[in-house]
Amino acid sequence: AYRSHHETGVAAKAVVEAFYGKPAERSYFIGCSSGGYEGLMEAQRFPADYDGIVAGAPANNWTRLMAGDFDGVLAVLKDPASHLPLSALGLLHRGVLAACDSADGLSDGVLDDPRQCKFDPAQLTCPDHQAAAACLTKAQVEAARRVYAGLKDPRTGAQLYPGLAPGSEPYWPHRDAANPFAIPVAHYKWLVFGDQNWDWKTFDFADPADYEAHVKAEAKYAPLLNATNPNLRAFRDRGGKLLQYHGWNDQLISAQNSIDYYESALAFFGPGADVPAFYRLFMAPGMAHCSGGTGPNTFDMQAALEQWVERGVAPDQILATRAVNGVVDRLRPLCSYPKKAVYKGQGDTNDAANFVCR
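This structure is a prediction, so every number in the text was calculated from the model and none was measured.

**Q** Please give an account of the state of the cysteines that cites residues and values.
**A** For the coordinates displayed, the defined rule picks out four disulfides. One disulfide bridge connects Cys-126 with Cys-135, the sulfur atoms lying 1.9 Å from each other. On the sign convention where negative means left-handed, the S-S torsion of about 105° between Cys-126 and Cys-135 marks this disulfide as right-handed. Linked covalently through their sulfurs, Cys-335 and Cys-357 form a disulfide whose S-S length is 2.1 Å. Looking along the S-S bond of the Cys-335-Cys-357 disulfide, the torsion reads about -80°, which is the left-handed sense.

**Q** So what's going on with the sheet that holds strand S2 (residues 52-56)? Which residues, and what values?
**A** Ordered by their spatial adjacency, four strands build an open sheet running S1-S2-S5-S6, and the pairing between neighbours is parallel. Of all the strands in the sheet, just strand S1 (28-32) and strand S6 (279-284) have a single pairing partner and so form its edges. Across the sheet, the axes of successive neighbouring strands diverge by a mean angle of 10°, strand direction being ignored. Looking at chain direction, S2 and strand S5 (residues 241-247) are connected through five bridges and run parallel. Among the inter-strand pairings, Ala-55 is bridged to a residue of S5, identified as Gln-244. Here helix H2 (residues 34-45) sits on the sheet and contacts S1, S2 and S5; the angle it forms with S1, its principal contact strand, is near 140°. Against the sheet, helix H9 (residues 255-269) touches S5 and S6, its axis set at about 160° to S6.

**Q** Which residues make up the environment of Val-342, and what values go with them?
**A** Along the chain, Val-342 falls in strand S9 (residues 341-343). Sequence separation of Val-342 and Phe-355 is 13 residues, and the distance between their C-alpha atoms is 5.2 Å. In this structure Val-342 touches Asn-354, Phe-355, Val-356 and Arg-358, once residues within four positions along its chain are discounted.

**Q** Outline the packing of helix H3 (residues 62-77) against helix H5 (residues 138-149), listing residues and values.
**A** Closest axis-to-axis distance for the H3/H5 pair is 8 Å, and the angle between their directions is 170°. In terms of orientation, H3 lies roughly antiparallel with respect to H5. Across from Asp-71, Leu-74, Ala-75 and Val-76 in H3, the residues of H5 making contact are Ala-143, Arg-146 and Val-147. For the contact of H3 with H5, the class distribution of residues is five nonpolar, no polar and two charged.

**Q** Break down the packing of helix H6 (residues 182-192) against helix H7 (residues 208-225) for me, citing the residues and quoting the values.
**A** A packed helix pair is summarised by two numbers, namely the angle formed by the two axes and the spacing between the axes. Between H6 and H7, the shortest axis-to-axis distance is 11 Å and the interhelical angle comes to 95°. Relative to H7, the element H6 is oriented roughly perpendicular. Touching His-187, Tyr-188, Leu-191 and Val-192 of H6 are Ala-213, His-214, Ala-217, Tyr-221 and Leu-225, all from H7.

**Q** Explain the pairing of S5 to me, using residue names and the numbers behind them.
**A** When you tally the buried positions in S5, you get seven out of seven residues, the bulk of the element. One crossover worth recording links S5 to the parallel S6 by way of H9, and it is right-handed.

**Q** Report on the pattern of salt bridges, specifying residues and quantitative values.
**A** All told, the structure shown has 13 salt bridges when counted by the stated rule. Arg-3 is the partner of Glu-7 in a salt bridge, and the nearest nitrogen-oxygen pair spans 3.0 Å. Residue Glu-7 and its partner Arg-3 are located together in helix H1 (residues 3-20), separated by four residues, close to a single helical turn. The residue Asp-51 makes a salt bridge to Arg-238 at a minimum N-O spacing of 3.6 Å. A residue pair is termed long-range when its members are at least 10 positions apart, and Asp-51 in the loop between H2 and S2 and Arg-238 in the loop between helix H8 (233-237) and S5 qualify at 187 residues. Overlapping salt bridges, with partners in common, bring together Asp-113, Arg-115 and Lys-340 in one network.

**Q** Residues and numbers for the pairing of strand S8 (residues 327-335), please.
**A** Pairing analysis gives eight bridges linking strand S7 (residues 317-324) to S8, with the strands arranged antiparallel. By the bridge assignment, Ile-318 is partnered in S8 with Leu-334. Following S7, the chain reverses through two residues before pairing antiparallel with S8; Asn-325 in that reversal takes a positive phi of roughly 55°.

**Q** Can you explain the nonpolar core? Please cite residues and give values.
**A** Within soluble globular proteins, side chains that are nonpolar tend to cluster in buried spots. Counting 74 residues, the largest nonpolar core has Phe-70, Leu-92, Trp-172, Tyr-188, Phe-205 and Tyr-279 as its most contacted members. Ranked by residues supplied to this core, first place goes to H3 with 10 residues. The contacts of Tyr-279, once residues within four sequence positions are left out, are Leu-232, Leu-242, Gln-244, Tyr-261, Tyr-262, Ala-265 and Trp-308. The next biggest cluster of nonpolar side chains, apart from the first, holds 15 residues, and it includes Tyr-245, Met-287, Ala-320 and Leu-334.

Cut-offs and rules
Residues numbered from 1 in each chain as written. Predicted model: local features only at pLDDT ≥ 70, side-chain atom pairs only at ≥ 80, totals over all residues. Heavy atoms only, no water. Disulfide = S-S within 2.5 Å. Pairing = 2+ DSSP bridges. Helix = DSSP H or I, 4+ residues; strand = E, 2+ residues; numbered from the N terminus. Axes fitted to C-alpha atoms, helices over the stretch in contact; angles between N-to-C directions. Contact = heavy atoms within 4.5 Å. Parallel < 35°, antiparallel > 145°, perpendicular 65-115°, else oblique. Nonpolar A, V, L, I, M, F, W, Y, C, P; charged D, E, K, R; others polar. Buried < 20%, exposed > 50% of the residue type's maximum accessible area, 1.4 Å probe, protein only. Right-handed = clockwise from strand over helix to strand, strands pointing away. Salt bridge = Lys/Arg side-chain N within 4 Å of Asp/Glu carboxyl O. Core = buried A, V, L, I, M, F, W, Y, C linked by side-chain atoms within 4.5 Å.

Structure representation (structure tokens):
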């Protein structure tokens, strides 16, 4: 579950050395989603494997991610009354933009920091006399609230996994009860219950027996599957550099998960340590899971990593672009967290030169 990434790297290095007659001078790991998860696993468990790592939208908190994604499936698809078709997702998205888009100083269809958005889907609730096509039923409102809120411990109320960010609604995967998001359903079917006949619709986190099965599986699999250890000291001490990025509109892995892991590393090393000297996080407003989205979502993390490892030039910002029909129409800087790109107040709002990281 965790050693495979290391063994693959060892084999690849052996192939390189056999072919070229000398070992590689540098080794880099670059991946997104499960690839980002593997990158963090390498940094934590095998810190000597790579000189630099790019970990995009990492699925590193695997067992909690599966629980959070599965709760989203249950919230929207278990009861037909809670279904959120594309029309409902469109209503939610427009409601979010109406409430929060201009809060960052620009009405551009992108939330720079969705954590500042206080949108409540209840404001879209249908009056008794209005057709549902133009609003949301109470069941749909509660389903949306649950997706935004994320999964909480039914016994204590503690956050188990963060929800999806406001602005991500057009990409939510909960569309078809006949074909729910397969990865979390498979996790519970095969690892939590080990039963090929298990029906996902019978599960409820609020049910004590079901939740106890989740807890037992978490205790069993988290030590093998999760890459959440904030102790990156060995990776740092050998000179390793880690770049992490995450799209705020990620519909599969909560963007807050990346912030949570980064901040756990800050807490581990303490206030006197210079964590950004070896580890930096970049949040991408409007970007969906690993690519796409309403915001700038194309950028070269590899070049930034090479400059950092080979020339000691740490990236404070990375240029990102958005293209529509193959034509680039927006350039913005992605800023090293916790900084955000702030419009200078004049000039083209689609030109990165008119923004500063602050």
